[in-house]
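So the chains spell out like this:
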Amino acid sequence: MNKIFSYALMVATVGTLGMSVAACSDNDDDNNTTSTTTLSEQEQMMKDLTATYVNDVVFPTYRGLAATTDQLFNELVAAKAKFQAGTLTQADIDQACETFKTARSWWETSESFLYGAATDFGIDPHIDTWPLDRVALAKSLSNKNVVRELDDLDNGGIDNARALVGEQQLGFHGIEFILFRNGQNRTIAALQSNEDNEDFSGYNVSGADELIFACAVAGDLRDKTFQLEVAWLGQAAPTAHIERVEECEFPVTVASSDDLYYGANMINATQSGSTYSTWRRVMSTILIAGCDNICAEVAGQKIGQALSGEDPDYIESPYSQRSYFDFLDNIRSVQYALNGTRSTTAVANSVMSYLKKYNATEATTLQAKLDAAIAALENATKGTPFVLDPQSANAKAAQDAINALSEELNTAAAWIAEN
């Protein structure tokens, strides 16, 4: 099973839940908010925490993601040139591997707000589908015409990656396959030889071919993260990133709004043009469409598919063996969304502080479930990598803790909707 199908099914389920939670309070909120300029104390706090969430969680995450994917692209282009000149060093490869892991962490800590541009423009499946189709990749890279087109970065090589290479070969995991094996950085010796993965048998793919592919795919990855950044930040994104997105002709505004960028659309909730009619609808989006969505994906799909034996090959980041680190970053994404900052401590204008003020018991319970999920995943990162033992006690403990967090997120969202 590929991620495109399972993610679409999950979004449909979560979206239905999110609408039902929001609907509980729309009438009350419309009476108190959209029909008058006066906000209740709770609505004012919702408005303030929304601005903090967008400005201090979403914006810096997408800025970091865009910057590091740009860095990764440039490092891989330099590595390809050095390889062709015979001057590539292991230090060059190791640096690209570290940059990849940093970019990967930025992406995984963005997954509590996939409900926005990442979903609307199909960016999530485009850059983060697994398992990698190695047979298709072997066929692509054994075709010298394909490799030649991918290599010409100045004349459509990156666009060719989007056109010539299937979605199950693009994105983070295509690059991961080139840079990592068995949890280790690729070596110079490996890149100087032909690819020896069993799915490449008989295809005669060289390390030089793989680096060409990695550069083109990294350029595509960079472009799509630029699109995410511009879609949320608008004109506050770096000029060079805006210009590249315009060159690619990528859409960046909310289709059903008055051409608002995603950040402005959320911050301007209840105002003319915004797709958010009430502040409680915003809270539902953050908690259900955002936080609970990624909890459901991690527990039910990312861990659940392999843990249950339903699909043993449905394992994220198998070549770097960093699945548990991905999962941990996903739940830290929830933590940051709740705290209103990319930190372990909640700021004054945050969902967690809102709950502490108006329902301290629920805040305490939610915090405990969040801490337990993070602790379970931190423990898992110290043990056997998920790909080597996907049915371990660590995997089951993490799944159980994340499911408990998911249940509490729904409880908190329902209370906010009704109070």
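One structure accompanies this document, and this report is about it. (Residues numbered from 1 in each chain as written. Predicted model: local features only at pLDDT ≥ 70, side-chain atom pairs only at ≥ 80, totals over all residues. Heavy atoms only, no water.)

Some points on the overall build of the protein chain
Then step 1. A tally of helices and strands in the protein chain yields 18 helices and 2 strands.
Then step 2. Its C-alpha atoms give the protein chain a radius of gyration of 22 Å, within 12% of the compact-globule value 22 Å for 419 residues.
Then step 3. When its C-alpha atoms are laid out on the principal axes, the protein chain stretches across 65 × 50 × 35 Å.
Then step 4. When each of the 419 residues of the protein chain is scored for burial, the buried share is 55%.
Then step 5. Relative to all contacts within the protein chain whose residues are 6 or more apart in sequence, the contacts with residues 24 or more apart total 76%.
Then step 6. Charge-centre separation for the protein chain: the mean point of 28 positive side chains lies 4 Å from the mean point of 57 negative side chains. (Helix = DSSP H or I, 4+ residues; strand = E, 2+ residues; numbered from the N terminus. Rg over C-alpha atoms; globule rule 2.2 N^0.38 Å. Buried < 20%, exposed > 50% of the residue type's maximum accessible area, 1.4 Å probe, protein only. Contact = heavy atoms within 4.5 Å. Lys, Arg positive; Asp, Glu negative; His and termini not counted. Charge placed at Lys NZ, Arg CZ, Asp CG, Glu CD.)

As for the pattern of salt bridges
When charged atoms on two side chains of opposite charge get close, those side chains can pair.
Then step 1. Summed over the entire model, instances satisfying the criterion amount to 26 salt bridges.
Then step 2. When the shortest N-O distance is used, the salt bridge between lysine 302 and glutamate 108 registers 3.3 Å. Of the two residues, lysine 302 is situated in helix α14 (residues 279-307) and glutamate 108 in helix α3 (residues 90-108); the sequence distance between them amounts to 194 residues.
Then step 3. According to the relative accessible area criterion, glutamate 108 is buried, its value standing at 0%.
Then step 4. Linking aspartate 209 and lysine 144 is a salt bridge whose minimum nitrogen-to-oxygen distance equals 3.1 Å. One end of the pair, aspartate 209, is in helix α11 (residues 207-233); the other, lysine 144, is in helix α7 (residues 144-151), and 65 residues separate them in sequence.
Then step 5. Counted as one network, the salt bridges with shared partners bring together Arg104, Glu108, Glu111, Asp128, Lys302, Glu316 and Asp326. (Salt bridge = Lys/Arg side-chain N within 4 Å of Asp/Glu carboxyl O.)

What about unusual backbone geometry?
It is generally the case that most residues other than glycine have a negative phi and that most peptide bonds are trans.
Then step 1. For the bond from tryptophan 130 to proline 131, the omega torsion is -5 degrees, close enough to zero to count as cis.
Then step 2. Along the polypeptide, proline 131 turns up in the loop between α5 (123-127) and α6 (134-141).
Then step 3. Look at threonine 270: it is not a glycine, yet its phi comes out positive at around 80 degrees.
Then step 4. Within the secondary structure, threonine 270 is located in the loop between α13 (262-267) and α14.
Then step 5. The phi dihedral of serine 317 falls on the positive side, at around 55 degrees, and the residue is not glycine.
Then step 6. Relative to the helices and strands, serine 317 is located in the loop between α14 and α15 (323-339).
Then step 7. Here serine 317 falls in the buried class, since its relative accessible area comes to 2%.

Focus on the packing of aromatic side chains
Then step 1. Counted by the stated rule, this structure contains 16 aromatic pairs.
Then step 2. Relative to phenylalanine 200, the ring of phenylalanine 177 has its centre 5.6 Å away and its plane inclined at 15 degrees; by these criteria the two rings are stacked. Taken together, the positions of phenylalanine 177 in helix α9 (residues 171-179) and phenylalanine 200 in the loop between α10 (188-191) and α11 put the pair 23 residues apart, joining distant regions of the chain. Take phenylalanine 177 and phenylalanine 200: they sit in the same class, and that class is buried.
Then step 3. Geometrically, the ring pair formed by phenylalanine 177 and tyrosine 319 is edge-to-face, given 5.1 Å between the ring centres and 75 degrees between the ring planes. Highlighted residues: phenylalanine 177 in helix α9 and tyrosine 319 in the loop between α14 and α15, separated in sequence by 142 residues. Of the two residues, phenylalanine 177 and tyrosine 319, neither departs from the other in class, the shared state being buried. (Phe/Tyr/Trp six-rings, centres within 6.5 Å; stacked < 30°, edge-to-face > 60°.)

Observations concerning the packing of α14 against α15
Then step 1. Contact geometry of α14 with α15 gives a least axis separation of 10 Å together with a crossing angle of 165 degrees. It follows that α14 is roughly antiparallel to α15 by the angle criterion. The two elements α14 and α15 meet at a crossing, and its hand is left-handed. On α15, the residues that touch Leu287, Cys291, Ile294, Cys295, Val298, Lys302 and Ile303 of α14 are Phe327, Asn330, Ile331, Val334, Ala337 and Leu338.
Then step 2. A per-class count over the contact of α14 with α15 returns 11 nonpolar, 1 polar and 1 charged. (Axes fitted to C-alpha atoms, helices over the stretch in contact; angles between N-to-C directions. Parallel < 35°, antiparallel > 145°, perpendicular 65-115°, else oblique. Left-handed = near helix turned anticlockwise from the far one by under 90°. Nonpolar A, V, L, I, M, F, W, Y, C, P; charged D, E, K, R; others polar.)

Notes on the side chain of threonine 52
Then step 1. Position of threonine 52 relative to the elements: it lies in helix α2 (residues 41-85).
Then step 2. When near neighbours in sequence (up to four residues on either side) are disregarded, threonine 52 contacts Val57, Gly340, Val347 and Asn349.

Regarding α14
Then step 1. Where α14 bends most, at valine 298, the angle is about 35 degrees.
Then step 2. In the segment just after α14, glycine 309 is the residue with positive phi, at about 85 degrees. (Bend = angle between axes of the 7 residues up to and from the residue.)

Brief notes about the side chain of asparagine 160
Then step 1. Secondary-structure assignment places asparagine 160 in helix α8 (residues 157-164).
Then step 2. The contacts of asparagine 160, once residues within four sequence positions are left out, are Glu149, Leu150 and Val165.

As for α15
Then step 1. The end-to-end C-alpha distance of α15 is 24 Å, a good match for the 24 Å that 17 residues give at a rise of 1.5 Å each.
Then step 2. Within α15, 16 of the 17 residues are buried, leaving the element largely enclosed by the surrounding structure.
Then step 3. Of the residues one or two after α15, glycine 340 is the one with positive phi, at around 70 degrees. (Expected span 1.5 Å × (residues − 1).)

Looking at the packing of α14 against helix α18 (residues 393-418)
Then step 1. Where α14 contacts α18, the two axes come as close as 9 Å, and the packing angle between them is 160 degrees. Considered as vectors, α14 and α18 are oriented roughly antiparallel to each other. The two elements α14 and α18 meet at a crossing, and its hand is left-handed.
Then step 2. Residues belonging to the contact of α14 with α18 are distributed by class as follows: 17 nonpolar, 5 polar and 3 charged.

In short, geometric facts, not functional conclusions.
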